[in-house]
Amino acid sequence: MQDQDQDRPQLYLVTPPDFEVETFGPRLAAVLDGAEVACLRLALVSRDEDRVARAADALREIAHQRDVALVVDRHVGLVERLGLDGVHLTDGARGVRKARETLGADAIVGAFCGASRHDGMTAGETGADYVAFGPVTAGGLGDGTVAEQELFAWWSEMIEVPIVAEGGLTVDLVRDLSAVTDFFAVGEEIWREEDALAALRRLLAPLG
């Protein structure tokens, strides 16, 4: 996943934390067919690697048919085994260097760094392709500390590593953060709605 130096932030789609492939697959395909998505993240909370692998297999086919990169939460070992595009690390900068060494230069390595400027900078210095900050409203990501607009504004001015805003996005926050983030990571904001694509379009309406 590369930042294309566009003014308009790109869409980074995140799966629900739990789902059945048989029912989620068609919903995902409909969203991918109806929106321009830069990257898809498999974000199952399950620690059962076999279950994650089965989901990754199914989603890889759906994503790659549409030229969308697929990264997986945490499971570095599944990336090469399953032909995925990279990994999203959820523990700040701690695993970035090792993941980069394991996966090589071409794989995507991203890091969720909560609201920590220091963790974000360390992740970028040790090989992360992007840094995700969040939640942008009080929610369940990380320790719940909100990543304020000031952090995104500072980062976008000072640091070249692309940034992702995620966690509790609203229409107002999409409007407010659009000038200072490279990607919006959208997940539960749309999957809890019956028509996920329509929900996505409403959420991203400020982007035009």
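Given the structure is predicted, the values throughout are model-derived calculations rather than measurements. (Residues numbered from 1 in each chain as written. Predicted model: local features only at pLDDT ≥ 70, side-chain atom pairs only at ≥ 80, totals over all residues. Heavy atoms only, no water.)

Here we come to the packing of aromatic side chains. A complete count under the given rule lists six aromatic pairs for this structure. Taking 4.5 Å as the distance between ring centres and 40° as the angle between the ring planes, the aromatic pair formed by F19 and F24 counts as tilted. Residue classification places F24 among the buried residues on the basis of a relative accessible area of 3%. Measuring from ring centre to ring centre gives 5.9 Å for F133 and F152, while their planes differ by 90°; the resulting arrangement is edge-to-face. In this pair, F133 is assigned in strand β6 (residues 130-133) and F152 in helix α6 (residues 149-158), connecting sequence segments 19 residues apart. Neither F133 nor F152 differs from the other in exposure class; each is buried. Through a chain of ring-to-ring contacts, three or more aromatic side chains come together here, namely F133, F152, W154 and W155. Directly above the ring of W154 sits R117, whose terminal nitrogen or CZ lies 4.1 Å from the centroid. (Phe/Tyr/Trp six-rings, centres within 6.5 Å; stacked < 30°, edge-to-face > 60°. Buried < 20%, exposed > 50% of the residue type's maximum accessible area, 1.4 Å probe, protein only. Helix = DSSP H or I, 4+ residues; strand = E, 2+ residues; numbered from the N terminus. Lys NZ or Arg CZ within 6 Å of the ring centre and 35° of its normal.)

Here we take up the pairing of β6. Burial of the side chains of β6 extends over both faces: Y130 and A132 are buried on one face and V131 and F133 on the other. Bridge analysis of strand β5 (residues 108-112) against β6 gives three bridges, and the strand direction is parallel. Directly across from G110, in β6, lies its bridge partner Y130. Handedness of the crossover joining β5 and β6 through helix α5 (residues 117-125): right-handed. As paired strands, β6 and strand β7 (residues 163-166) are joined by three bridges and run parallel to one another. Bridge pairing in β7 links V131 to I163. (Pairing = 2+ DSSP bridges. Right-handed = clockwise from strand over helix to strand, strands pointing away.)

Here we come to the pattern of salt bridges. Within this structure, the stated rule accounts for ten salt bridges. For the salt bridge of R51 with E20, the shortest nitrogen-to-oxygen distance reads 4.0 Å. With a gap of 31 residues between them, R51 in helix α2 (residues 49-64) and E20 in the loop between β1 (10-14) and α1 (21-34) connect regions that are remote in the sequence. For R51, a relative accessible area of 23% translates into the label partly exposed. A salt bridge links R100 to D129; its shortest N-O distance comes to 2.6 Å. Taken together, the residues R100 in helix α4 (residues 96-103) and D129 in the loop between α5 and β6 connect sequence positions 29 residues apart. (Salt bridge = Lys/Arg side-chain N within 4 Å of Asp/Glu carboxyl O.)

Looking now at unusual backbone geometry. Residue G134 is joined to P135 through a cis peptide bond whose omega torsion reads 0°. Take P135: it is sitting in the loop between β6 and α6. Of note in the backbone geometry, R74 takes a positive phi value of approximately 70° without being a glycine. Structurally, the position occupied by R74 is in the loop between β3 (69-73) and α3 (76-82).

Moving on, we get to the packing of α1 against helix α9 (residues 196-203). Two numbers describe how α1 lies on α9: the axes approach to 9 Å, and their chain directions differ by 40°. Taken together, the axis directions place α1 and α9 in an arrangement best described as oblique. Handedness of the α1/α9 crossing: right-handed. For the pair α1 and α9, the contacting residues are R27, A30, V31 and G34 in the first and A196, L197, L200 and R201 in the second. Residues of the contact of α1 with α9, tallied by class, amount to five nonpolar, one polar and two charged. (Axes fitted to C-alpha atoms, helices over the stretch in contact; angles between N-to-C directions. Parallel < 35°, antiparallel > 145°, perpendicular 65-115°, else oblique. Left-handed = near helix turned anticlockwise from the far one by under 90°. Contact = heavy atoms within 4.5 Å. Nonpolar A, V, L, I, M, F, W, Y, C, P; charged D, E, K, R; others polar.)

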